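# Descriptive analysis of the structure
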Amino acid sequence: MFNIPSTEVLIQGIMSGFLMGCLYALIAAGLSLIFGLMEIVNFAHGEFLMLGMYTAFWMYTLFAIDPLFSVPICGAVLFLLGWLVHKGIIRRILGAPMLAQIFATFGLGIFLRAAAQFLWTPDFRQVAHPLVQGPIKIFGISVGLPQLVASGASLAAFAFLYWFITKTETGMALEATAQDRQAASLMGINTERMFTLGWGISSACVGVAGAFLASFFYVFPYVGSLFGLIAYVTVALGGFGSIPGSLVAGIIIGLIEVLGGLLIAPAFKYVAVFLVYLIVVLIRPQGLFGKF
Amino acid sequence: MATTGSAEEMKRERERSSRRTIGFVLMGLLIVGVLLFPVFFRLPYHRDIGIKILLYGLLAQAWNILAGYCGQISLGHAVFFGAGAYTSSVLQTAFGVNPWLGLLGGVVVAMVLSLLIGYPCFRLRGHYFAIATIAIGEIINTLAINWEFIGGARGLTLPIHKDSLLAFQFHGSKYAYYYIILGLMALCFYATWRIERSRLGYYLRAIREDSDAAQSVGIPIAKYKLIAMAISAGFVAAGGTFYAQYLLYMDPDSVFPLSLSILICCLAVVGGVGTLWGPLVGAAIMIPLSEFTRIQFGGTGSAVDLLIYGALLTIVAVFQPTGLVGLFRRWGGR
Amino acid sequence: MRMQKKRFGGFLAAVALIGMVLGSTGFAHAQAKEVVIGVLYPMTGPSAQIGIDAINIIKVALDIINNGASIDLPLAKSKGLPRLNGAKIRIVAVDTQGKADVGQAEAERLITQEKVVALFGAYQSAVTTTASQVAERMGIPFVNADSSSPALTERGYKWFFRTSPHDIHFSQVMFDFMKDLEKRQNVQLKSVAILNEDTTFGTDSAKAQEELAKKYGYTVAARVPFRSGTTSLDAEVGRMKSANADVFLPSLYTSDAILLTRTMRNLDYNPKLLIAQDAGYTDPKFVTEMGKEAEGAITRAPFALDLAAKKPLIPAIDAMFKKLSGARDMADVSARAFTAFMTLADAINRAGSTDPAAIQKALRETNTPPEQLVMPWTGVKFDEKGQNIGVRAILQQLQGGDYHTVYPFDLAVKNAIYPTPAWSQRK
């Protein structure tokens, strides 16, 4: 039942898992941020990622801008989308029962998926010649350069988020709103603006992740479903509302995915991931670093 | 109230009672329509839609018991559907057990499964619970794909027998299937209605509204959540067996997928979650809509049907969270 | 107020009654001026492009049949079907969404409402299973072009006909090739590693390969199913590296095939031979985007574009297809669909009637010679299980960014490259 790989393959696996995990973390970070702010899970999060990837793809195809340089564009476009979604939809369901909140974004997700297919066909798209591609050797072990760059960017993004939340006034206001909405508003913080900002940042994160993902993963209308599911598990494992939690959880999930596949069987990769989630969450229901 | 308002009061009372009469008449027509549906609609395709409405209405109603009345949002309910379908089918193909007994078997398996899932998971709150149900659903889906005994990815084909109620198979026309699923749906409906009016329903609603308060008042919330879960799972499993006998073929992708779990929730939400009629209304509207758009637009490959579906879902969730039933109630003046 | 409500109610009831009566009788079709065929394919979902390609090539076929064309096919010589007084064929295309229950519902609707005389489709083996079950129950011929699960012709059905090879044919040619290659190049291949995605297609393919491997005397160093549509193939490729087999046998759809190729490069996995089970590897998208990177990859194919030199039919049909497809060449799926559809049309013509039983009989008697096929087969002739026995699978290899036929050696256009160059040795 267990398969023991050679040392090289094992180390290669650990490295790949770590790199992928950083990307999972970035995708999950936004989800966590929104939940911390307003206790809403964005079930269209995967579709936001998909739109980020498509943005990068179209920048490449229409304007010959490599995904690497589309990062700010994707971030901006998705920021705008998040802002719009909050203003148009989320604002109206803040007090609604949880079911309505779930399905408001869920319906949005279905809509976005279908719109993508309608506009751009279900064909799989690929950035044919990205700047970052191919293998790179680290200590003699071969790993993918795109994954390396993506994870580096992800870590940078987390660092930026950390700086933003702890060192800037807006960021601290955001954090304060997340911790105690009423107290924050009593202190004069405009919670509505914080919410909108939160949605913007969350979507921008996922847009950036999408730009990097487009360098090495195929783009099609349903691509968001795969990554979205992992993102929910990542957020739950890290703890809803905890951004550092998403980083740790993302890396754990990335490692489990690869190691589960290497040591047990790739068919059960996600079984391993979900089992870990269940175990952690049953022993420690608020996740690793969650507040509830 | 002042005496000057009494004329208006009487007028309002008359309006209300006339609305109620209309309501009863419509209800009566509906019941007659549902009962006689196969008589008027003879084409297999129309009956298929009717059957689908009832089947998904059953699943949505069953889900409603747990989520709508008890407030526990499961996004992995398809596991019970698949459990029912596979149990009765495997019992049939491997051991020659009659599908009706298999149906009972499926219900039992699903209930046990639901307790195994619920017991640890009900400790989790809100979104944690929902995601746990997704996780479990995916785990079971993957296990089913890799389990050769039940057919694995290739699925299970049921042997074809001659038309008979005993063998739970009909080939010529669909009306027997229609009445069977109508019966199952009616049973679930009745169960929901009884629960709504019983002490169990009262406890479930208390748990939904504020489980901490309920607990402090002495209600054993774990026990009642499990009861709701088991009842819900049982009905879904019955639907699963029906599906298996209807299609005579199943594979993990058709009975365990996340998309089915989500569909069940959607129907209930659009119709009106936590209400008696909501799930059926949701199914009656969404299923034909889905079929219609698929036929009109789907063939050209442009996903227009899903576009409408998604938009509708969001709009209902945002503007009419109590669903269509809530809309009707408003019109009815309650 | 009340009176108005009553009248309105009465009006509604009348409308409803009329609607029900109309609905239950259906509309009368124009007689014998057209022949209606139901076509089932996935138009939405991950395999949607397959459905679109299939429909486009069927439109080409319809054009040839209904309007005539200067192509060397019997049905191109006149407008419409000659033995049905020039009746034209019309298709009703439906979206199965890749789901078995939708396939079943649509099959029923096509038969009972659209009154089709035959069904055609449906790509995914699971969908073909249920849709053809309906056809069998209702006595309507079902012609299948592209579902490769061997089980489909093992059900004892009388109304099901498959023109294309299935997985056992395909896998067999792979092993024949390996044996012949060993002889030709004087090398020894000892082990195989099988990687398959976990739907019916991949599972059946892997099963066939495993059994054949044992029969031909190869060790199965690894048999790894994986979750189709996975986010990364790092673990899977790691397993393959660990197994270190001589020949790598993947069965994947397009998206995974692209991801696999890139991952193999990133993780430096170099099997001596890669022989794929078609699907993703022959998708023109894969060839355009990954052609150079996947150099040396071999795939089984039912169809070879580069046999155009030997078969003038191919460039002629391809030209017509490109007009509809946006400059995509004919490939595996479209070629198979074209062949099967022409077979069906030809059978209807020979039957001289739209009676399903007559069409079934005509299908049984099919005996199409190879010159009328775009396929490299010996013909179309069905055995008693409904399987075409004239099939021939071929192997093609990516060389210089394009597929070239390399096996059987008598049909080969180029020599097979062996071993596949390692990543570090490539440009």
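Residues numbered from 1 in each chain as written. Chains lettered and ligands numbered in written order. Predicted model: local features only at pLDDT ≥ 70, side-chain atom pairs only at ≥ 80, totals over all residues.

### Topic: the overall build of chain C
Counting secondary structure elements, chain C contains twelve helices and twelve strands. Scaling as 2.2 N^0.38, a compact globule of 427 residues should have a C-alpha radius of gyration of about 22 Å, and chain C matches this with 24 Å. Projected onto its principal axes, the C-alpha coordinates of chain C cover approximately 90 × 55 × 40 Å. The buried share among the 427 residues of chain C stands at 59%. For chain C, long-range pairs separated by at least 24 residues make up 65% of all intrachain contacts whose partners lie at least 6 apart in sequence. (Helix = DSSP H or I, 4+ residues; strand = E, 2+ residues; numbered from the N terminus. Rg over C-alpha atoms; globule rule 2.2 N^0.38 Å. Buried ≥ 20, exposed ≤ 12 C-beta atoms within 10 Å, placed from the backbone. Contact = placed C-beta atoms within 7 Å.)

### Regarding the interface of chain C and chain B
Accessible area lost upon the coming together of the parts serves often as the stated size of an interface. Taken together, the contacts link 31 residues of chain C with 25 residues of chain B. Looking at the side of chain C that touches chain B, the elements with two or more residues in it are α1 (2-25), α2 (48-67), β2 (88-95), α3 (100-112), α4 (125-138) and α6 (200-216) of chain C. By residue number, the principal contributor to the side of chain C that touches chain B is α3(C), which donates seven residues. Of the residues that constitute the side of chain C that touches chain B, the class distribution is ten nonpolar, twelve polar and nine charged. (Nonpolar A, V, L, I, M, F, W, Y, C, P; charged D, E, K, R; others polar.)

### Focus: the pairing of strand β12 (residues 402-407) of chain C
All names here are of chain C. Two elements, strand β11 (residues 394-399) and β12, share five bridges in a ladder whose sense is antiparallel. Residue pairing across strands places Q397 opposite H404, the latter belonging to β12. Following β11, the chain reverses through two residues before pairing antiparallel with β12; G400 in that reversal takes a positive phi of roughly 60 degrees. (Pairing = 2+ DSSP bridges.)

### Overview of the interface of chain A and chain B
Across the boundary between the two partners, chain A contributes 38 residues, which contact 34 residues of chain B. Looking at the side of chain A that touches chain B element by element, the count peaks at 16 residues for helix α4 (residues 98-120) of chain A. Classifying every residue of the side of chain A that touches chain B by side-chain character gives 34 nonpolar, two polar and two charged.

### Here's the deal with the confidence of the model for chain C
All names here are of chain C. For chain C, per-residue confidence averages 85 on the pLDDT scale, and residues scoring 70 or more make up 92% of the total. Low confidence marks residues 1-6, where pLDDT is under 50. Its contacts with residues over four positions away, or in another chain, come to zero contacts. Considering only residues more than four positions removed or in separate chains, one finds that residues 19-31, a stretch of pLDDT under 50, has six contacts. Our summary of model confidence lists the complex with pTM equal to 0.83 and ipTM equal to 0.84. (pLDDT = per-residue confidence, 0-100.)

### A short note on the pairing of strand β9 (residues 273-276) of chain C
Residues and elements named next belong to chain C. On β9, burial covers both faces: L273 and I275 on one face and L274 and A276 on the other are all buried. With two bridges connecting them, strand β8 (residues 247-251) and β9 associate as parallel partners. Counted as the bridge partner of F248 is L274 from β9. Read from β8 through helix α8 (residues 254-266) to β9, the crossover connection turns out right-handed. Across two bridges, the pairing between β9 and strand β10 (residues 298-301) is parallel. Within the sheet, the bridge partner assigned to I275 lies in β10 and is I298. Considered for its hand, the β-α-β crossover made up of β9, helix α9 (residues 284-290) and β10 is right-handed. (Right-handed = clockwise from strand over helix to strand, strands pointing away.)

### A closer look at the domain arrangement of chain C
All names here are of chain C. For chain C, the domain assignment lists domain 1 (34-165 + 308-372) and domain 2 (168-301 + 394-425). Spacing between the C-alpha centres of domain 1 and domain 2 amounts to 30 Å. Taken together, the contact pairs eleven residues of domain 1 with twelve residues of domain 2. (Domains from an automatic or database assignment.)

### A word on unusual backbone geometry
All names here are of chain C. Here the bond from Y407 into P408 is cis, since omega is 5 degrees, no more than 30 degrees from zero. Of note, the phi angle at N85 is positive, near 60 degrees, even though the residue is not glycine. Tracing the sequence through the fold places N85 in the loop between α2 and β2.

### As for the sheet that holds β2(C)
All names here are of chain C. Across the sheet, which stays open at both edges, the five strands sit in the order β2-β1-β3-β4-β5 with parallel pairing between neighbours. A strand with exactly one partner marks an edge of an open sheet, and here the two such strands are β2 and β5 (160-162). In this sheet, adjacent strand axes meet at a mean angle of 25 degrees when their direction is disregarded. Examined bridge by bridge, strand β3 (residues 118-121) and strand β4 (residues 142-144) share two bridges and lie parallel to one another. Bridge pairing in β4 places F120 opposite V143. (Axes fitted to C-alpha atoms, helices over the stretch in contact; angles between N-to-C directions.)

### Regarding the packing of helix α9 (residues 223-238) of chain A against helix α5 (residues 126-145) of chain B
The contact between α9(A) and α5(B) brings their axes to 10 Å, and the two run at 130 degrees. Considering their axes alone, α9(A) and α5(B) lie oblique with respect to each other. As for the relative orientation of α9(A) and α5(B), their crossing is left-handed in sense. For the pair α9(A) and α5(B), the contacting residues are Y232(A), V233(A) and A236(A) in the first and Y128(B), I131(B), I134(B) and A135(B) in the second. In the contact of α9(A) with α5(B), the residues fall into seven nonpolar, no polar and no charged. (Parallel < 35°, antiparallel > 145°, perpendicular 65-115°, else oblique. Left-handed = near helix turned anticlockwise from the far one by under 90°.)

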